Amino acid sequence: MKTKYPSLKNVSELKEVFWLNPKIIPYEEAASAINMDIAAIDDAEMRLKKFAPLIEKVFPETLPSHGIIESPIKEINNMKNKLQELYKLKLSGKLLLKMDSHLAIAGSVKARGGIYEVLMYAETLAMKDGILKEDDDYSILAEQKYRDFFSKYKIQVGSTGNLGLSIGITSAALGFNVTVHMSADAKQWKKDLLISKGAKVVEYDSDFSKAVEEGRKLSDQDPMSYFVDDENSMNLFLGYSVAARRLNEQLDNMNIVIDEDHPLFVYLPCGVGGAPGGITYGLKSVYNDNVHCFFVEPTHAPSMLIGMATGLHNDISVQDLGIDGKTHADGLAVGRPSKLVGKMMDYILGGVFTVDDYKLYDYMRYLHETENISIEPSACAAFEGFIKFEATKEGKQYIKQYNLENKMQNAVHIAWATGGSLVPEEINKQFLKTHLR
Ligand SMILES: *Cc1c(COP(=O)(O)O)cnc(C)c1O
C-alpha cells in the first residue's frame, strides 16, 4: 500500500498534513452527484420536534429548551488572540466555538445522531405494533406500558466511547435493553457511567472496528436485537445533519451573515466520519458554496483522509499504511473510515488536516485559560484547522482557487467542539496537566 500511494508518504510517516480534496465540485453539481436529499433533513428536523415533549419528560435537563437538544455557540476572541500570539500568525475573521461538548444528555456531538437513531427505532417499533400513531403526543412513550414494550427489544452498538454513551443513555431511558461494545481505547469513566444508567458494557482489547464487528455479529444472531451501525447508518447521518439548520438560526440571531462575501469555514474533528460528514452535508444544503468544511484527524488515525485520497474508502485502513491507530483522541481513534460518508464527502469536503496528539492538550489548556471552557482532547483537534488553514501553502492555494483573498477579512471560522462536558472533573484536571512534549 505504501509504495502504491507515494502521495501518502508524509501521512504514513505520521507527519502533520493538510490534504486538499481534489474531487470537490460546485454545490449544485455535487448535490445532484450525491442525490442530496433535503426532504430527508426536513423530515429528521420534524421528527426531533415531534419527539421534543418526550425528551423533555425523560431528560428533565432539557426542560429549558423544551426537549430540543441544541448546543450554544460562542465567539472566542481571547482564544483567537492567544493562538495568534503563540503561533505568530495574523488570522482573519471571527473565531466561534460550536459547543456540542455541552449538548444535553450525552455531552458530545453523538447526542445528535445517536439519540435520533434510537428515537427513530422506537417510533418504528411502536407504530408497527399499533401502539403509536402519527398524530399522537409522543410523550406517551415515557409511560410504563411503552417501557415494558421496549424492554423486549435490544439495541447494540460498537463504540470508542461517546456514541456508546449517547445510544446507551437514550436506549436505557426509554426502557430498551442496551449493550455497548467498547474498544480498548474507551475510557473507564464512560463504561462506569453507562453501567450506572443501566446499559450493559462489553469490553474488547482491540480497536473500534473489532468492537463493531463483534457487536454486529452478536446482534445479527438475535432477532429482537437492532445494531446501530456507525459506519453505514443513514439515520445517524441525518440526525447529525440537522445541526446545520439550528446553526443557521443561531448565526442569524447573532447578526452574523454568511454569503458570497462572508465565507464560513468549519473545522470538524473526524473519526469514522458520520458526525462531521452529516454536519457537512447539512451545512452544504444551507450555505451551498459559501461554506467550506474541513475535517481534522489525529496523525495516528487519519482514516478518512486515506480513504478519500486513495478512493478506497473502507477498503483501506491506517494499519495498511503501517500506522498504529493509537491516539489520545479517543473519539477519533478509528482505523477504517465510513464508505457511505466518504463517497459523499468526495464532492463536498474541502480537505482534511492531521494533528499531533500533544497539541490537543495544548489547545485544551489555552481554551481553558482564555475562555474558561473545558472540552475533551478529541474536540480540540478542531483548532488545528483554524490555525493551519490560512498559514499553509495548501490553504493559500485553496483561498486563491475560490477567489477568497479579498473576503478573508469577513470570514467566520467555526471550531466544532465535539465533546467534553461529561468528562469527570478529576480526569479533566489530569488532561489539563498532560504534556506530551
Ligand atoms: C465521535 C466523535 C467525533 C467524530 O465523529 P465520527 O462520526 O466518528 O467521525 C469527534 N469528536 C468526538 C468527541 C467524538 O466523540
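Heads up: the structure comes first, above all this text.
Keep in mind it's a predicted model, so treat the numbers as computed, not measured.

**Examining the pattern of salt bridges**
It is possible for side chains bearing opposite charge to pair when their charged atoms get close. Taken as a whole and judged by the stated rule, the model has 28 salt bridges. When the shortest N-O distance is used, the salt bridge between E70 and K98 registers 2.9 Å. Within this pair, whereas E70 is found in the loop between helix 3 (38-58) and strand 2 (73-75), its partner K98 is found in strand 3 (residues 94-99), the two being separated by 28 residues in sequence. Overall, E70 belongs to the partly exposed group, its relative accessible area being 22%. As a salt-bridge pair, D330 and K190 come within 3.3 Å of each other at their nearest N and O atoms. Within this pair, whereas D330 is found in the loop between helix 13 (303-310) and helix 14 (339-348), its partner K190 is found in helix 8 (residues 188-196), the two being separated by 140 residues in sequence. In this structure D330 comes out as buried when scored by relative accessible area, which is 5%. Exposure remark for K190: the relative accessible area of 1% places this residue in the buried category. Put simply, E70, K98, D100, R112 and R246 are held in one network by salt bridges that share partners.

**Description of the environment of L141**
As for its placement among the helices and strands, L141 is situated in the loop between helix 5 (110-128) and helix 6 (144-150). Each C-alpha atom, one on L141 and one on P53, is 9.9 Å from the other, the two residues being 88 residues apart in sequence. Contacts of L141, omitting those with residues within four sequence positions, involve F51, L54, A126, L132, Y146 and F150.

**Brief notes about the side chain of S378**
Inspection of the secondary structure assignment puts S378 in helix 16 (residues 377-391). On the basis of relative accessible area, S378 is assigned to the buried category, the value being 3%. Among the polar contacts made by the side chain of S378, one reaches the main-chain amide nitrogen of G331 at a distance of 3.0 Å. When sequence neighbours within four positions are dropped, the list of residues in contact with S378 reads P269, A329, D330, G331, L332 and T418.

**Description of the environment of M120**
Tracing the backbone shows M120 in helix 5. For M120, a relative accessible area of 18% gives the class buried. Remark: the alpha-carbon pair of M120 and R47, spanning 73 residues in sequence, is separated by 8.2 Å. In contact with M120, other than residues within four places in its own chain, are R47 and N235.

**A look at the site of the ligand**
The full set close to the ligand counts 16 residues, and K110, N162, G271, G273 and T418 are the nearest of them. Between N162 and the ligand, the recorded distance is 2.6 Å, taken from a side-chain N or O atom to an oxygen atom. Here an oxygen atom of the ligand and a backbone polar atom of V272 are 3.0 Å apart. In the complex, 98% of the free accessible area of the ligand, which totals 380 Å², lies under the protein chains. Of the residues belonging to the shell around the ligand, the class tally is six nonpolar, eight polar and two charged.

**Some remarks on the packing of aromatic side chains**
For the coordinates displayed, the defined rule picks out 22 aromatic pairs. With centroids separated by 6.0 Å and ring planes inclined at 65°, the aromatic side chains of Y363 and F383 adopt a geometry described as edge-to-face. Here the residue Y363 occupies a position in helix 15 (residues 357-371), and F383 occupies one in helix 16, the gap between them amounting to 20 residues. As far as the burial class goes, Y363 and F383 line up, both buried. Among the aromatic residues, ring-to-ring pairing joins F18, F265, Y267, F294, F353, F389, Y398 and Y402 into one connected group.

**Regarding the sheet that holds strand 9 (residues 291-298)**
With mixed pairing, seven strands are arranged side by side in an open sheet as 1-10-9-8-11-3-2. Edge positions in the open sheet fall to strand 1 (18-20) and strand 2, since each of these has one partner strand only. Between one strand axis and the next, the sheet turns through 25° on average, direction left out of account. Across four bridges, the pairing between strand 8 (residues 264-269) and strand 11 (residues 412-417) is parallel. Paired with Y267 across the two strands is A415, which belongs to strand 11. Across the sheet, helix 13 is in contact with strand 1, strand 9 and strand 10 (351-355); its angle to strand 9 comes to roughly 115°.

**Side note on the sheet that holds strand 5 (residues 177-182)**
One open sheet accounts for four strands, arranged 6-5-4-7; its pairing is parallel. Every interior strand has two partners, whereas the edge strands, strand 6 (200-203) and strand 7 (225-228), have only one. Going across the sheet, the axis of each strand differs from the next one's by a mean of 20°, ignoring polarity. In this structure, strand 5 lies alongside strand 6, joined through four bridges in parallel fashion. Bridging across to strand 6, M182 finds its partner in E203.

Cut-offs used in this document
- Residues numbered from 1 in each chain as written.
- Predicted model: local features only at pLDDT ≥ 70, side-chain atom pairs only at ≥ 80, totals over all residues.
- Heavy atoms only, no water.
- Salt bridge = Lys/Arg side-chain N within 4 Å of Asp/Glu carboxyl O.
- Helix = DSSP H or I, 4+ residues; strand = E, 2+ residues; numbered from the N terminus.
- Buried < 20%, exposed > 50% of the residue type's maximum accessible area, 1.4 Å probe, protein only.
- Contact = heavy atoms within 4.5 Å.
- Polar contact = N/O pair within 3.5 Å; in protein donor to acceptor, adjacent residues only side chain to side chain.
- Near = heavy atom within 4 Å.
- Areas by Shrake-Rupley, 256 points an atom, 1.4 Å probe, with all protein chains shown as cover.
- Nonpolar A, V, L, I, M, F, W, Y, C, P; charged D, E, K, R; others polar.
- Phe/Tyr/Trp six-rings, centres within 6.5 Å; stacked < 30°, edge-to-face > 60°.
- Pairing = 2+ DSSP bridges.
- Axes fitted to C-alpha atoms, helices over the stretch in contact; angles between N-to-C directions.

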